[in-house]
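Residue strings, one per chain:
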Amino acid sequence: DKYAAREKLYAGYMMFDLPLPLAHQELRVIAGARMESNEQNLNSFDTQDRPIAVRLQNTDLLPALNLTYSLSKAANLRAAYSRTVSRPEFRELAPFAFYDFSTLSVVYGNPDLRRALISNYDLRFETFPRVGEMFSASLFYKDFVDAIEEVVVPVSELTRSFGNADRAQNFGVELEARKSLDFVSHKLASLSLTGNYTWIDSKVDVAGSATVIGKKNRRLQGQSPYMLNLGLVYNSLSFGTSVSVLYNRFGERIAQVGSLYDADIIEAPRDLIDFTLTQNFAARYEIKITAKDILGKEQIFLQEGRKVKGNLKGSTLGVGLSVKL
């Protein structure tokens, strides 16, 4: 499983930012395009000492357009389009097997992987009632061509590889808000609540093959049907103190796409709570304490409702000191 790899990326872009008066308000137009030429090369030998060469080369034009219309001094309407690219990693291209101790499975690379192209469409309304407060509502749509997914290979030992889905679409709604608690009491003016909820309808069409079920309208691998983030944030400029408690939860998602003989492996929903404390002192110093995944809930993977593996993620605690010179 030893190989030598190299990647070359040549890119250039042009863009313009143009404000235009429209109906006594301002329409801001930001548009441009990026040209990327990318080449990935991987070289090795098989067990018979025969050379193996993997080469993936593409030249892509990636346009982008962003329109922002000011409805008032405190409200905007945004519309955006962009095309982006997702390229396979070398480990995903390398035609070798290695044992992944974190997931207790064998992983094979796929030298026939293609890069994925994604078209992104967004429509967003945002308003800022007061300084430090905001509310936004967004609609978004993403169209994937050759989306790269992690798939299960039908052999006796749990084995994973990577493949391209023919076509995938994500459609969703996102709501986001940030609100000060001074409406409860002026003593709570330094406290604010933040929230973000995203609902996503994901569909994938995959042609049948030796390793992938030929079925339609399953979710894209790794895509949850919903995501929820909540936060309680305290900021005191006079004391140089910042404290945040963040909560995150996501819906069940496909961890590995099933084979012709096995169902998909599903990652079960999991609650996460993170804590961060930042304190400035003596003008130049800052101490930061972080506690991540405080609940330390087990990461559980299911296949047809049966637990096939688990991962005790555990909590992490970090303490850091920085000095401004």
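Please refer to the structure higher up on the page.
Residues numbered from 1 in each chain as written. Predicted model: local features only at pLDDT ≥ 70, side-chain atom pairs only at ≥ 80, totals over all residues. Heavy atoms only, no water.

J.: Looking at this model, I keep getting lost on the overall build of the protein chain. Mind explaining?
T.: Per the secondary structure count, the protein chain includes 1 helix and 20 strands. Projected onto its principal axes, the C-alpha positions of the protein chain cover 75 × 50 × 45 Å. Looking at the 325 residues of the protein chain, the share that counts as buried comes to 33%. Counting contacts in the protein chain only where the partners sit at least 6 residues apart, residues at least 24 apart contribute 59% of the total. When the accessible surface of the protein chain is split by element, carbon and sulfur atoms take 58% of a total near 19000 Å². (Helix = DSSP H or I, 4+ residues; strand = E, 2+ residues; numbered from the N terminus. Buried < 20%, exposed > 50% of the residue type's maximum accessible area, 1.4 Å probe, protein only. Contact = heavy atoms within 4.5 Å. Areas by Shrake-Rupley, 256 points an atom, 1.4 Å probe, with all protein chains shown as cover.)

J.: When you look at the layout of surface pockets in this model, what are you seeing that I'm missing?
T.: Once rolled over the atoms, a probe with the size of a water molecule shows which space is left empty. By volume, the second largest pocket amounts to about 270 Å³. Lining of the second largest pocket is provided by 16 residues; of these, I148, E149, E150, Q221 and G222 occupy positions nearest its centre. Of all the secondary structure elements, the ones that give two or more residues to the lining of the second largest pocket are α1 (90-93), β7 (116-127) and β8 (134-153). With 5 residues, β8 is the largest single contributor of residues to the lining of the second largest pocket. The residue makeup of the lining of the second largest pocket, split by class, is 8 nonpolar, 4 polar and 4 charged. (1 Å grid on protein atoms, 1.4 Å probe; cavity = no way out; pocket = protein on both sides within 12 Å on 5 of 7 lines; lining within 4 Å. Points joined across faces, edges and corners; volume = space filled by probe spheres on them. Nonpolar A, V, L, I, M, F, W, Y, C, P; charged D, E, K, R; others polar.)

J.: Help me understand the environment of R50, please; the structure alone is not making it clear to me.
T.: The topology assignment puts R50 in the loop between β2 (25-45) and β3 (51-72). Between the alpha carbons of R50 and S202 there is a distance of 42 Å; along the sequence they are 152 residues apart. Not counting residues up to four positions away in its chain, the partners in contact with R50 are S44 and F45.

J.: Help me out: how do you make sense of the pattern of salt bridges in this one?
T.: It is possible for side chains of opposite charge to pair when their charged atoms get near one another. If you walk through the whole model with that rule in mind, you get 21 salt bridges. E298 is the salt-bridge partner of K307, the closest N and O atoms lying 2.9 Å from each other. Overall, K307 belongs to the partly exposed group, its relative accessible area being 45%. Through salt bridges with shared partners, one network takes in R130, E133, K179 and D182. (Salt bridge = Lys/Arg side-chain N within 4 Å of Asp/Glu carboxyl O.)

J.: What am I meant to see in the pairing of strand β6 (residues 105-108) here?
T.: Moving residue by residue along a regular strand, the side chains alternate between the two faces of the sheet. Bridge analysis of strand β5 (residues 97-100) against β6 gives 4 bridges, and the strand direction is antiparallel. The residue of β6 that forms the bridge with D100 is S105. Of the pairings in the sheet, the one linking β6 to strand β9 (residues 159-180) comprises 2 bridges and is parallel in character. What sits directly across from V107, in β9, is R160. (Pairing = 2+ DSSP bridges.)

J.: What am I meant to see in the nonpolar core here?
T.: Inside soluble globular proteins, nonpolar side chains tend to come together where they are buried. L42, V54, L93, A94, F96, V107, L113 and F162 form the largest nonpolar core, which has 8 residues in total. Beyond its immediate stretch of four places on either side in the chain, F96 contacts D1, K2, Y3, S44, F45, I52, V107, Y108 and G109. Of all hydrophobic cores here, the second largest spans 7 residues; its members include I118, A165, A168 and L220. (Core = buried A, V, L, I, M, F, W, Y, C linked by side-chain atoms within 4.5 Å.)

J.: In this structure, what is going on with the pairing of strand β1 (residues 4-22)? I would like to understand it.
T.: Relative to β2, β1 runs antiparallel, the two sharing 19 bridges. Each residue of the ladder has a partner; that of A4, found in β2, is N43. Remark: 2 residues form the turn of the hairpin made by β1 and β2, two consecutive strands paired antiparallel; A23 in that turn has positive phi of roughly 50°.

J.: What's the story with the side chain of E36 in this structure? I'm lost.
T.: Relative to the elements of secondary structure, E36 occurs in strand β2. Residue class for E36 comes out buried when judged on its relative accessible area of 7%. At 2.5 Å, the side chain of E36 and the side chain of R34 are in polar contact. Side-chain polar atoms of E36 contact the side chain of R87, separated by 2.5 Å. Beyond its immediate sequence surroundings of up to four residues, E36 is in contact with L9, Y10, A11, N58, T59, D60, L62, V85 and R87. (Polar contact = N/O pair within 3.5 Å; in protein donor to acceptor, adjacent residues only side chain to side chain.)

J.: Got a minute to help me understand the packing of aromatic side chains in this structure?
T.: Aromatic ring pairs are described here by two measures, namely the spacing of the ring centres and the angle between the planes. All told, the structure shown has 6 aromatic pairs when counted by the stated rule. Measuring from centroid to centroid gives 5.1 Å for Y81 and Y121, while their planes differ by 45°, and the two rings are tilted. Placement of the pair is Y81 in strand β4 (residues 75-86) and Y121 in strand β7, with a sequence separation of 40 residues. For Y121, a relative accessible area of 38% corresponds to the partly exposed category. Ring geometry for Y121 against Y141: centres 5.9 Å apart, planes inclined by 40°, an arrangement best described as tilted. With Y121 in strand β7 and Y141 in strand β8, this pair connects stretches of sequence that are 20 residues apart. Among the aromatic side chains, those forming a connected cluster through ring pairs are Y81, Y121 and Y141. In this structure, R253 packs its charged tip against the face of F250, placed 3.7 Å from the ring centre. Sitting over the ring of F301, K309 keeps its end group 4.9 Å from the ring centre. (Phe/Tyr/Trp six-rings, centres within 6.5 Å; stacked < 30°, edge-to-face > 60°. Lys NZ or Arg CZ within 6 Å of the ring centre and 35° of its normal.)

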